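# Notes for the structure review
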Amino acid sequence: MTESSDKKTPATSGKAAVKKAPARKKTVAKKAAKKVAAKKAAPKKAAVRKTAARRKTSARKAPAAKPVSVLIVGAGFAGLGMAIRLKQAGIEDFVILERGNAVGGTWRDNQYPGAACDIPSNLYSYSFAPNPNWSRSFSGSAEILDYIHHLVARFDLEKHIRFEKNVVDLSFDEKQGIWTATTDRNETFAGRAAVMAQGPLSNCSFPDITGIEDFQGHKIHSARWDHDYDFAGKHVAVIGTGASGIQIIPELVKVAKHVKVFQRTPGWVLPRPDFTTPDWNKALFRKLPVSQQAMRNLLYWSHESMALAVIWNSPLTRVAERLAKLHLRRQVKDRWLRRQLTPDFTIGCKRVLISNDYYPALQKDNAKLITWPIARISEKGIRTVEGIEHQVDCIVFATGFDVSHSGTPFTVKGRGGRVLGEEWKGGARAYKSINVSGFPNLFMTFGPNSGPGHNSALVYMESQLDYAVKGVKKILNEDLTLLDVKEDEQRRYNRAIQKRLAKTNWNSGCKSWYLTEDGYNATMYPGFATQYAAQMAEFDESHYETV
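In what follows, the accompanying structure is described. All values derive from a computational prediction rather than experimental measurement.

## Some remarks on the environment of Tyr359
- Mapping Tyr359 onto the fold places it in helix α11 (residues 358-362).
- Sequence-wise, Tyr359 and Arg330 are 29 residues apart; in three dimensions their C-alpha atoms are separated by 9.8 Å.
- Non-local contacts of Tyr359, meaning those with residues more than four positions away in its chain, are made with Gly267, Val269, His327, Leu328, Gln331, Val332 and Leu341.

## Some details on the nonpolar core
- The biggest cluster of nonpolar side chains holds 80 residues, and the ones touching the most others in it are Ile72, Phe77, Leu80, Leu86, Tyr126 and Phe443.
- Both of domain 1 (3-203 + 404-482) and domain 2 (212-268 + 312-397) provide at least three residues apiece to this core.
- Discounting residues that sit within four places of it in the chain, Phe443 has contacts with Ala193, Ala194, Val195, Met196, Ile434, Asn435, Ala468, Gly471, Val472, Ile475 and Leu483.

## Thoughts on helix α2 (residues 77-88)
- Between its terminal C-alpha atoms α2 stretches 16 Å, which fits the 16 Å expected from 12 residues at 1.5 Å a residue.
- Of all 12 residues in α2, 10 are buried, a share of seventy percent or more.
- Looking at α2, one finds that the buried residues are Phe77, Ala78, Gly79, Leu80, Gly81, Met82, Ala83, Ile84, Leu86 and Lys87.
- Positioned one or two residues after α2, Gly90 has a phi angle of 85 degrees, which is positive.

## A look at the packing of helix α13 (residues 457-477) against helix α15 (residues 529-537)
- α15 packs onto α13 with a crossing angle of 5 degrees between their chain directions and a minimal axis gap of 9 Å. Here α13 is positioned roughly parallel relative to α15, judged by the angle of their axes. Across from Val459, Tyr460, Ser463, Gln464, Tyr467 and Lys470 in α13, the residues of α15 making contact are Ala529, Tyr532, Ala533, Met536 and Ala537.
- Partitioned by chemical class, the residues of the contact of α13 with α15 number eight nonpolar, two polar and one charged.

## Section: the environment of Glu304
- For Glu304, the location among the structural elements is in helix α7 (residues 289-305).
- For Glu304, a relative accessible area of 3% corresponds to the buried category.
- Sequence spacing of Glu304 and His454 is 150 residues, and the spatial spacing of their C-alpha atoms is 6.8 Å.
- Ignoring sequence-local partners within four residues, the contact set of Glu304 consists of His454, Asn455, Phe528, Ala529 and Thr530.

## Remarks on the packing of aromatic side chains
- With the rule as written, the count across this model stands at 21 aromatic pairs.
- For the ring pair Trp506 and Tyr514, a centre distance of 6.3 Å and an interplane angle of 75 degrees mean the geometry is edge-to-face.
- Under the relative-accessibility criterion, Trp506 is labelled buried at 1%.
- By way of ring pairs, the aromatic residues Phe77, Trp107, Tyr124, Tyr126, Phe128, Trp134 and Tyr147 are connected into one cluster.
- When the ring centre of Phe206 is taken as reference, the NZ or CZ atom of Lys219 above it lies at 5.8 Å.

## Some details on the sheet that holds strand β15 (residues 389-391)
- Spatial ordering of the open sheet is given by β13-β14-β15, a layout of three strands whose pairing is antiparallel. Each edge of the sheet is formed by a strand with only one pairing partner; in this case those strands are β13 (374-377) and β15. This sheet shows a mean twist of 25 degrees between the axes of neighbouring strands, independent of strand direction.
- As judged from the three bridges shared by strand β14 (residues 381-384) and β15, these two strands associate in the antiparallel manner. Residue pairing for β15: Arg383 is matched across the bridge by Glu389.

## Re helix α6 (residues 279-287)
- Taken residue by residue, α6 has Asn281, Lys282 and Phe285 as its buried positions. Angularly, the buried residues of α6 cover 100 degrees about the axis, an arc narrow enough to put them on a single face. Opposite the packed face of α6, turned more than 90 degrees from it, sit the exposed residues Asp279, Trp280 and Lys287.
- Turning to α6, the residues buried within the fold contact α7.

## Focus: a nonpolar patch on the surface
- Together, Trp280, Leu284, Leu288 and Val290 make up an exposed nonpolar region whose accessible area comes to about 420 Å².
- Relative to the helices and strands, Leu288 is located in the loop between α6 and α7.
- Of the residues examined, Leu288 reaches a relative accessible area of 42% and is grouped as partly exposed.

## Regarding the pairing of strand β16 (residues 394-397)
- Burial along β16 is two-sided: the residues Cys394 and Val396 and Ile395 and Phe397 are all buried.
- Note that strand β7 (residues 218-221) and β16 share four bridges and pair parallel. Note on β16: the bridge partner recorded for Ile220 is Val396.
- The pairing of strand β8 (residues 235-239) with β16 spans four bridges and is parallel. Paired with Ala237 across the bridge in β16 is Ile395.

## Things to note about the pairing of strand β1 (residues 68-73)
- Across the six residues of β1, six count as buried, placing the element largely inside the fold.
- In the sheet, β1 pairs with strand β6 (residues 188-196) via five bridges, with the strands oriented parallel. Each residue of the ladder has a partner; that of Ile72, found in β6, is Val195.
- Bridge analysis of β1 against strand β2 (residues 94-97) gives four bridges, and the strand direction is parallel. Residue pairing across strands places Leu71 opposite Val95, the latter belonging to β2.
- Each parallel crossover has a hand, and for β1 linked through α2 to β2 it is right-handed.

About the thresholds
- Residue positions are given per chain, counted from 1 along the sequence in the order it is written.
- Only residues with pLDDT of 70 or above have their local features reported here, since the model is predicted, and side-chain atom pairs are shown and tallied only from 80 upward, although totals for entire chains, interfaces and linings are computed over all residues.
- Neither water nor hydrogens contribute to the side-chain values; these are computed over all heavy atoms in the structure.
- Put simply, DSSP H or I for four residues or longer makes a helix, DSSP E for two residues or longer makes a strand, and each gets a number counted from the N terminus.
- A contact between two residues is defined here by any heavy atoms of the two lying within 4.5 Å.
- We call a set of buried Ala, Val, Leu, Ile, Met, Phe, Trp, Tyr and Cys residues a nonpolar core when their side-chain atoms join them within 4.5 Å.
- Relative accessible area decides the class of each residue, using a 1.4 Å probe on protein chains only: under 20% of the type maximum gives buried, over 50% gives exposed, and in between gives partly exposed.
- Here the bounds of each domain stem from an automatic or database domain assignment.
- One less than the residue count of a helix, multiplied by 1.5 Å, gives the span that helix is expected to have.
- To get an axis, a line is fitted to the C-alpha atoms, and for a helix only the part in contact is used. The angle between two axes follows their N-to-C directions and goes from 0 to 180 degrees.
- In these notes the angle categories are as follows: under 35 degrees is roughly parallel, over 145 is roughly antiparallel, 65 to 115 is roughly perpendicular, and the rest is oblique.
- Under this grouping Gly is polar, as are all residues other than the nonpolar Ala, Val, Leu, Ile, Met, Phe, Trp, Tyr, Cys and Pro and the charged Asp, Glu, Lys and Arg.
- Whether two aromatic rings pair depends on their centres lying within 6.5 Å, for rings of Phe, Tyr and Trp, where Trp uses its six-membered ring; planes under 30 degrees apart make the pair stacked, over 60 edge-to-face, and the rest tilted.
- Sitting over a ring, as applied to charges here, requires NZ of Lys or CZ of Arg to be within 6 Å of the ring centre and within 35 degrees of the ring normal.
- We call two strands paired when DSSP finds no fewer than two bridges between them.
- Starting at the helix axis, one direction is taken to each C-beta atom, and the arc is that of these directions.
- Patch definition: residues with relative accessible area over 30% and no salt bridge; like charges joined within 9 Å; nonpolar side chains (Val, Leu, Ile, Met, Phe, Trp, Tyr) joined within 5 Å.
- Note on areas: Shrake-Rupley with a 1.4 Å probe; residue coverage comes only from the protein chains shown.
- Any carboxyl oxygen of Asp or Glu within 4 Å of a side-chain nitrogen of Lys or Arg constitutes a salt bridge here.
- Here is how to tell: hold the view so the strands point away, follow the path from the first strand over the helix to the second, and if it runs clockwise the crossover is right-handed.

Have a look at this one:
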């Protein structure tokens with residue numbers, strides 16, 4: 001656990017320098033006085049000796065912190081889910097390191113107006129912790145965050161969480177088989193296994209646009225929302241029309257004096273079947289849990305069928321595109337605006353967007369869509385390439401997260417001093433998205449090529465958590481120092497994944513956050529959620545080196 005930095009000072013011996021006068025030159029009276037003084041000093045000498053002894057004993061007995069069974073980095077959905085599955089497997093000896101002062105991860109950070117999930121609530125939740133009380137078909141971020149807090153309380157997780165522990169280094173000791181996490185305050189935590197559960201959507205920054213530092217107005221990032229800023233009467237610019245942008249824009253149009261939306265590329269937008277959950281439905285789910293499971297199964301298989309439309313180019317792809325175009329035609333009557341909002345890439349190549357109110361918001365009197373590319377940001381606003389300066393009071397950056405395809409959020413050192421970030425420079429690679437050769441006893445959630453394009457991320461997450469538990473149990477039950485996936489198995493797995501990805505819509509030519517600059521897809525899984533779950537259900541011990 002935490003190493004103490006207190007310095008021990010050398011203990012004094014407690015011996016007083018007592019000069020012995022020659023017996024022949026001392027009177028009896030002086031000898032008697034010496035004896036009396038010596039008796040008075042004796043208790044003090046003894047006390048000093050005892051104190052020194054206690055200090056020495058304390059220094060000798062201070063034991064090194066015992067490694068826990070599992071270190072978990074991150075207290076979002078992934079980290080908390082991992083903790084729950086460990087507990088359910090009988091493993092209670094774990095610690096969760098969270099850099100913030102509260103749980104929730106991306107749902108704690110993303111509290112912008114209109115923030116919600118684009119997967120139905122009954123599917124965007126853990127099957128082992130169902131919530132019968134969802135208020136809507138698609139819940140907002142505040143309700144999802146409440147569900148996360150419910151998980152902490154229900155499974156008694158708070159005692160395992162160490163808040164404000166920002167991990168900056170994770171290193172493996174090959175001889176002892178121990179992972180050590182070091183925080184930015186130089187605190188250390190040790191574990192026999194480690195789980196990187198920080199999530200892919202956890203870091204954000206303002207985009208690299210020329211002149212961004214010159215702007216004298218107010219800047220807000222969607223993932224770091226300023227709830228104190230008053231938009232009333234303000235001229236606002238929104239940069240970005242992705243999943244966050246299309247949720248923020250309708251809310252800003254309601255309160256701001258004028259909103260200008262700067263679009264780089266239009267996305268495919270499908271209608272959102274969002275309804276309020278009636279009380280009788282909640283009561284049914286509470287009294288008859290099997291009914292909620294049936295609803296979850298229905299939602300799961302309906303989303304599985306969408307894979308045929310958005311992952312691969314098939315006849316169903318044309319059906320999905322026609323549905324999106326019909327949605328656009330029904331909501332946008334102006335032909336020129338409709339043309340500006342029509343994508344020129346295959347649906348699924350970028351993230352498919354879900355909204356009922358984005359198109360209507362763009363047509364309000366106080367809203368305007370700008371499709372000219374941004375040249376730079378000026379002191380007073382945004383200049384586009386045709387030479388117009390759009391003066392605004394505030395710029396909202398709905399530009400997404402810093403998704404790393406070729407690095408790690410903190411330094412990770414494995415066997416022989418190998419650094420994971422350096423090995424991933426050409427693109428992140430892992431075995432089954434969860435283990436990396438040369439980094440034993442380390443498990444990842446949302447690792448390379450585990451991203452879904454059509455189904456709930458938590459469906460994929462559950463498969464990862466259960467696979468990691470199998471690995472952790474093997475390490476603990478067999479008292480292993482190393483559980484390291486073989487490099488040739490990892491190489492064979494990734495060759496197959498990239499071959500399958502080449503035939504998907506994600507790799508069909510558009511530019512998206514799924515790909516690296518040179519087009520390498522380290523993000524998505526090229527198949528059904530059912531296929532992913534099947535591969536994770538099998539833990540093949542022959543694919544691992546064990547010591």
